[in-house]
Amino acid sequence: MRDELGVMSASNVVRSPTGEVVRFPEGGLDNLAAAVASRIDYAFAFRWAPQWVGREQPHVWSEADDWYARCTPCLAESGPVPSEQDARAWHDAHTAASHGR
Ligand SMILES: [Zn+2]
């Protein structure tokens, strides 16, 4: 999209789907292209990062009817367990066995 807008901005002309020609003021399409591109960049700027969860806190979540836990330091996962309590119990056991805490 950035490239398409870049090409169009060279002439400051955009043709609408019905064939009408729309002329943008000098730099107008560059501004529009930059705005669109920055929103796209922004949308991909966030990924889950382990440090968002406190170091001693498991990342616990449910999917369908199962619960899962992920160890924050080593990213080991519990696999599906029936309850949040079981997920936290897995985390406690994993932490003791793998990290000596
Ligand atoms: Zn671990």
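That block above? That's the structure.
This structure is a prediction, so every number in the text was calculated from the model and none was measured.

Enquirer: I'm lost on the overall build of the protein in this one. Help?
Expert: The helix and strand tally for the protein stands at 3 helices and 4 strands. Along the protein, from the amino end to the carboxyl end, the secondary structure elements read α-β-β-α-β-β-α. The contacts in the protein between residues at least 6 apart in sequence include a share of 24% that link residues at least 24 apart.

Enquirer: How should the environment of Asp66 be read in this particular structure?
Expert: Along the polypeptide, Asp66 turns up in strand E4 (residues 66-70). Not counting the four nearest positions on each side in its chain, Asp66 is found in contact with Pro80 and Val81.

Enquirer: What exactly am I supposed to notice about the pairing of strand E3 (residues 59-63) here?
Expert: In regular strands, side chains alternate between the two faces of the sheet. In this structure, E3 lies alongside E4, joined through 5 bridges in antiparallel fashion. Across the sheet, the residue bridging to Val60 is Ala69, located in E4. Counting the residues that bridge the hairpin from E3 to E4 gives 2 residues, and of these Ala64 lies at a positive phi of roughly 55°.

Enquirer: Hey, could you run me through unusual backbone geometry in this one?
Expert: Trans peptide bonds make up most of the peptide bonds, and negative phi angles are found at most residues other than glycine. Even without glycine at this site, Ala64 takes up a positive phi of about 55°. Summarising the element assignment, Ala64 is placed in the loop between E3 and E4. Positive phi outside glycine occurs at Leu75, with the angle close to 65°. Leu75 gets classed as exposed once you count the C-beta atoms within 10 Å, which come to 9.

Enquirer: For this particular structure, what's the right way to read the environment of Asp30?
Expert: Note that Asp30 resides in helix H2 (residues 28-43). Taking C-alpha positions, Asp30 is 8.7 Å from Asn12, a pair spaced 18 residues apart along the chain.

Enquirer: I tried to follow helix H3 (residues 84-99) on my own but got confused; where do I start?
Expert: Residues that lie three or four places apart on an α-helix share one face, since the helix turns once every 3.6 residues. Between its terminal C-alpha atoms H3 stretches 21 Å, which fits the 22 Å expected from 16 residues at 1.5 Å a residue. Among all positions of H3, only Ala87, Trp90 and His91 are buried. Angularly, the buried residues of H3 cover 100° about the axis, an arc narrow enough to put them on a single face. Structural note: H3 exposes Gln85, Asp92, Ala93, Ala96 and Ala97 on the side pointing more than 90 degrees away from its buried face. The secondary structure elements touched by the buried residues of H3 are E3 and E4.

What counts, and where the lines are drawn
- Residues numbered from 1 in each chain as written.
- Predicted model: local features only at pLDDT ≥ 70, side-chain atom pairs only at ≥ 80, totals over all residues.
- Helix = DSSP H or I, 4+ residues; strand = E, 2+ residues; numbered from the N terminus.
- Contact = placed C-beta atoms within 7 Å.
- Pairing = 2+ DSSP bridges.
- Buried ≥ 20, exposed ≤ 12 C-beta atoms within 10 Å, placed from the backbone.
- Expected span 1.5 Å × (residues − 1).
- Arc of directions from axis to C-beta.

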